[in-house]
Amino acid sequence: MNPYLKHLNKIEFVVTYACTGRCKHCSEGEHTDCGERIDPAIAAESVRRIAAEYDIQTVMTFGGEPLLYPDTVCEIHKAAREMNIPERQLITNGYFSKDENKIREVAAKLIESGVNEILLSVDAFHQQTIPLGYVRMFAEAVNGFDISFKLQPAWLVSEKDDNPYNLKTREILSQFSDMDIETG
């Protein structure tokens, strides 16, 4: 066995670089390859093959905005569930559609596929370009299911610092206070 891989326990997939936001802080660049995504069948088979050889504890999907390709995300997580990988995480900004029915349909498919933790990026930086109403609609759709669901803000300096960005982030987070969602 390759000594560098013997402790492999996590698989992460950047589903696509395409994104609905144009966040200034994004580490993924300009998002110019907006039509490309990873192949769902190849990704799912990769999960199966790697998990058959290593003690994988976590599979994570993110992007860009991974829910622009929900079928790809679901195929990856179905394979992870089949392989008994305990943590099946999704990081999303929650803005992939303006259609409430599609948002609810995708939320249900995520749960059905085996996603058991969703981290929702909401803060002053994401909401510069991402409309909060659609993000909240997604949060409402997901919040009805029995999974780990957390708001995942980015803080400037620290959560306790009272700079203008953190003040705006706190204001945004207050828009979810009636939903009793944990903040990560």
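Refer to the structure presented above.
Treat the numbers as computed from the prediction; the structure is a model and nothing was measured.

Description of a nonpolar patch on the surface
Nonpolar side chains collect at one region of the surface, where L156, V157 and Y165 lie side by side and expose about 290 Å² of accessible area between them. Within the secondary structure, V157 sits in the loop between β5 (148-151) and α5 (164-174).

Here we look at the pairing of strand β1 (residues 10-14)
Residues of β1 alternate between two faces, with I11 and F13 buried on one and K10, E12 and V14 left unburied on the opposite face. Bridge count for β1 against strand β2 (residues 58-62) is 5 bridges, and the pairing is parallel. Note that in β2 the partner of F13 across the bridge is T61.

Observations regarding helix α4 (residues 132-143)
Look at α4: 16 Å from first C-alpha to last across 12 residues, which is about the 16 Å you get at 1.5 Å a residue. Along α4, the residues that are buried comprise V135, M137, F138, A139, A141 and V142. Looking at the buried residues of α4, the elements they touch are β3 (87-92), α3 (100-113), β4 (117-120) and β5.

Focus on the pattern of salt bridges
Enumeration according to the criterion identifies 11 salt bridges in this entry. Residue D178 pairs with R136 through a salt bridge whose shortest N-O separation is 2.8 Å. Highlighted residues: D178 in the loop between α5 and β6 (182-183) and R136 in helix α4, separated in sequence by 42 residues. A network of salt bridges, in which partner residues are shared, links E45, R48 and E82.

Side note on unusual backbone geometry
A positive phi angle is found at N84, which is not glycine, with a value near 60°. Inspection of the secondary structure puts N84 in the loop between α2 (70-82) and β3. The exposure class assigned to N84 is exposed, which follows from its relative accessible area of 66%. Positive phi, normally seen in glycine, also occurs at D180, with a value near 55°. Along the chain, D180 falls in the loop between α5 and β6. By relative accessible area, which is 73% here, D180 ends up exposed.

Topic: the environment of E112
With respect to the helices, strands and loops of the structure, E112 is situated in helix α3. For E112, a relative accessible area of 61% puts it in the exposed group. Sequence separation between E112 and I147 is 35 residues; the distance between their C-alpha atoms is 11 Å.

Procedures and definitions
Residues numbered from 1 in each chain as written. Predicted model: local features only at pLDDT ≥ 70, side-chain atom pairs only at ≥ 80, totals over all residues. Heavy atoms only, no water. Patch = residues over 30% accessible without salt bridge, like charges linked within 9 Å, V, L, I, M, F, W, Y side chains within 5 Å. Areas by Shrake-Rupley, 256 points an atom, 1.4 Å probe, with all protein chains shown as cover. Salt bridge = Lys/Arg side-chain N within 4 Å of Asp/Glu carboxyl O. Helix = DSSP H or I, 4+ residues; strand = E, 2+ residues; numbered from the N terminus. Buried < 20%, exposed > 50% of the residue type's maximum accessible area, 1.4 Å probe, protein only. Pairing = 2+ DSSP bridges. Expected span 1.5 Å × (residues − 1). Contact = heavy atoms within 4.5 Å.

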